[in-house]
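Take a look at the letters that make up each chain.
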Amino acid sequence: MGREPDESTHITMRIGILTSGGDCPGLNAVIRGAVLNGIKSHHHEFVGFLDGWRGVVEGDVVDLPRERVRGISKQGGTILGTSRTNPFDGENGGPERIQQTLDRLGIDAVIAIGGEGTLAGAKRLTDAGLNIVGVPKTIDNDLDATDYTFGFDTAVAIATEAIDRLRTTGESHHRCMVAEVMGRHVGWIALHCGMAAGAHAILIPEQHTTMEQINAWVLEARDRGRAPLVVVAEGFVPEGSEEAYSDRGHDSVGRPRLGGIGDQLAYRIEADTGIETRATVLGHIQRGGVPSAFDRVLATRLGMASVDAVEEKAWGNMVALRGTNIHRVPFQAALNNLKRVPQQRYDEASLLFG
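What you see is a predicted model; the values in this text were computed from it and never measured.

A.B. asks: Would you mind going over the layout of surface pockets with me for this structure?
C.D. replies: Over the atoms rolls a probe the size of a water molecule, and its path tells where empty space is left. Its volume calculated, the second largest pocket comes out at about 270 Å³. What lines the second largest pocket is a set of 13 residues, among which Arg 184, His 185, Gly 235, Glu 243 and Ala 244 lie closest to the centre. Along the lines of polarity and charge, the residues of the lining of the second largest pocket split into 5 nonpolar, 3 polar and 5 charged.

A.B. asks: Just to check I follow, could you spell out the packing of aromatic side chains for this structure?
C.D. replies: Aromatic ring pairs are reported here in terms of the distance separating the ring centres and the angle at which the planes meet. As enumerated under the stated definition, the model contains 4 aromatic pairs in all. Both rings, one in Tyr 148 and one in Phe 294, keep their centres 6.3 Å apart while their planes meet at 80°; by these two values the pair is edge-to-face. Taken together, the residues span a long stretch of sequence, with Tyr 148 in the loop between strand 5 (132–136) and helix 5 (152–173) and Phe 294 in helix 9 (residues 293–311) at a distance of 146 residues. Given a relative accessible area of 33%, Tyr 148 falls into the partly exposed group. For Phe 294, a relative accessible area of 42% corresponds to the partly exposed category. Members of the aromatic cluster, each reached through a chain of ring pairs, are Tyr 148, Phe 152 and Phe 294. The cationic tip of Arg 124 hangs over the ring face of Phe 88; the distance from NZ or CZ to the ring centre is 3.6 Å. Positioned over the ring face of Tyr 148 is Lys 339, at 5.9 Å from the centre of the ring.

A.B. asks: Please explain the pattern of salt bridges as it appears in this structure.
C.D. replies: Pairing between side chains of opposite charge can happen when the charged atoms of each approach one another. Applying the stated criterion to the full structure yields 15 salt bridges. With a shortest N-O distance of 2.9 Å, Arg 54 and Asp 60 are connected by a salt bridge. Among the residues examined, Asp 60 registers a relative accessible area of 27% and is labelled partly exposed. Measuring nitrogen to oxygen at the nearest pair gives 3.6 Å for the salt bridge that ties Arg 226 to Glu 171.

A.B. asks: Help me out: how do you make sense of the sheet that holds strand 6 (residues 176–181) in this one?
C.D. replies: Strand pairing in a sheet takes place through backbone hydrogen bonds and is either antiparallel or parallel in direction. The strand order across the open sheet built from 4 strands is 7-8-6-9, with neighbouring strands paired in parallel fashion. With partners counted over all chains shown, the strands left at the sheet margins are strand 7 (201–203) and strand 9 (277–281), one partner each. Adjacent strand axes in the sheet meet at a mean angle of 15°, parallel and antiparallel pairs treated alike. Pairing between strand 6 and strand 9: 5 bridges, direction parallel.

A.B. asks: Which parts of the structure should I look at to understand the environment of Pro 342?
C.D. replies: In this fold, Pro 342 is placed in the loop between strand 11 (325–330) and helix 10 (343–350). For the pair Pro 342 and Ala 227, spaced 115 residues apart in sequence, the C-alpha to C-alpha distance is 28 Å.

A.B. asks: How should the pairing of strand 4 (residues 109–114) be read in this particular structure?
C.D. replies: In regular strands, side chains alternate between the two faces of the sheet. With 6 of its 6 residues buried, strand 4 lies for the most part within the structure. Taking every second residue as pointing to the same face, both faces of strand 4 are buried, with Ala 109, Ile 111 and Ile 113 on one and Val 110, Ala 112 and Gly 114 on the other. Where strand 1 (residues 14–19) and strand 4 come together, 5 bridges link them in parallel fashion. Considered in strand 4, the bridge of Thr 19 is made with Ile 113. Judged from the 5 bridges that link them, strand 4 and strand 5 form a sheet pairing that is parallel. Note on strand 5: the bridge partner recorded for Ile 113 is Val 135. Once the chain exits strand 4 it traverses helix 4 (residues 116–127) before rejoining the sheet at strand 5, and the crossover so formed is right-handed.

Thresholds applied
- Counting of residues starts from 1 at the beginning of each chain's written sequence and follows it residue by residue.
- Reporting in this predicted model follows two pLDDT cut-offs: at least 70 for local features of residues, and 80 or more for side-chain atom pairs to be given and counted; totals over whole chains, interfaces and linings ignore these cut-offs and use all residues.
- As a rule here, side-chain values come from all non-hydrogen atoms in the structure, and water together with hydrogens is ignored.
- With a 1 Å grid spanning the protein atoms alone, the term cavity applies to any set of points in which a 1.4 Å probe fits but cannot get out, the term pocket to an open set with protein on both sides within 12 Å along at least five of seven lines, and the term lining residue to any residue with an atom within 4 Å of a point.
- Grid points are joined across faces, edges and corners, and a volume is the space filled by probe spheres set on the points.
- Just so you know the grouping, Ala, Val, Leu, Ile, Met, Phe, Trp, Tyr, Cys and Pro go in nonpolar, Asp, Glu, Lys and Arg go in charged, and all remaining residues, Gly too, go in polar.
- Pairing of aromatic rings covers Phe, Tyr and the six-membered ring of Trp, with a centre-to-centre limit of 6.5 Å; geometry is then stacked below 30 degrees between planes, edge-to-face above 60, and tilted otherwise.
- The helix and strand labels rest on DSSP assignments: H or I over at least four residues marks a helix, E over at least two residues marks a strand, and numbering proceeds from the N terminus.
- Exposed residues in this analysis have more than 50% of their type's maximum accessible area, buried residues have under 20%, and partly exposed residues fall in between, with area computed by a 1.4 Å probe over protein chains only.
- Charge over a ring is defined by NZ of Lys or CZ of Arg lying within 6 Å of the ring centre and within 35 degrees of the ring normal.
- Throughout this description, the term salt bridge denotes a Lys or Arg side-chain nitrogen within 4 Å of a carboxyl oxygen of Asp or Glu.
- A strand pair is defined by DSSP finding two or more bridges across the two strands.
- Between the N-to-C directions of two axes lies an angle of 0 to 180 degrees, each axis being a line fitted to C-alpha atoms and, for a helix, fitted only over the stretch in contact.
- Convention used here: a crossover is right-handed provided that the path from the first strand, over the helix, to the second strand proceeds clockwise when the strands point away from the viewer.

Quick look at the structure:
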């Protein structure tokens, strides 16, 4: 499937870009990097699919000339919009109908920017013959195929600043402060912002920590004259439970809406230790705002590399950071293989607890 450019002469390709799944600081920098490299290095043309796979299925696109991406790398969110549409749902979904839409629009290849769900859909479509390359996106930094994902550094910086502010309130009132941060399946954000902010306890999904141990860390900090600070990932499984705390129903793709474990822990800590305890849920504030310099640079490099992958017809691959270099890895490398916090990293951090 898909139109093949004439190999005898270089013919400009028309490339479609989509952003899918949750929003993330750095998405616009990826778009800008792809468009600028594609135009300047290869004379390609670009369109953007609106609202992720919905735009692909419905053929809803906007032109992306160089002027459209001017200055967007510092903007948060995505100028193309996003959704959790499944490209295989609906009468216009599936590889054959999508290919017909791409042909009608004169689109030769697609750059899909998204997380595991987006890349899983891209793999199925590529296996069916469509021309797709990917850019990994997850604010939780939980894709094993890449060392870091853009948005993670920004989320850690936002969380760290917020926790620093909580700490001054805790110290003024001699309270224990609990900060709940993002992290559905893994605790990378909690680990990094907790270490950066000097937390007295960091609770993550990968570790089963008893209330007895949590209380011991809190009391140890209090006995040293400190206002205890606890950082907890939203996906942390509390003692006596088999799954993360959720009382808010499910999202559009059937996943439990997490959040509230911070309040649960604050209640338990105050009841067990007698220390006045308050909880703050940072929530979506970690996704918003401008990306950090690190994320802008990483996202730009990934966007540029994705166009090079298209130019070389590396369909079914995504670009990834390994060390300080950008490599290509198959979509499959990003699927069903979460990058969890290793025991060694948690043991290292836990030396600072209490």
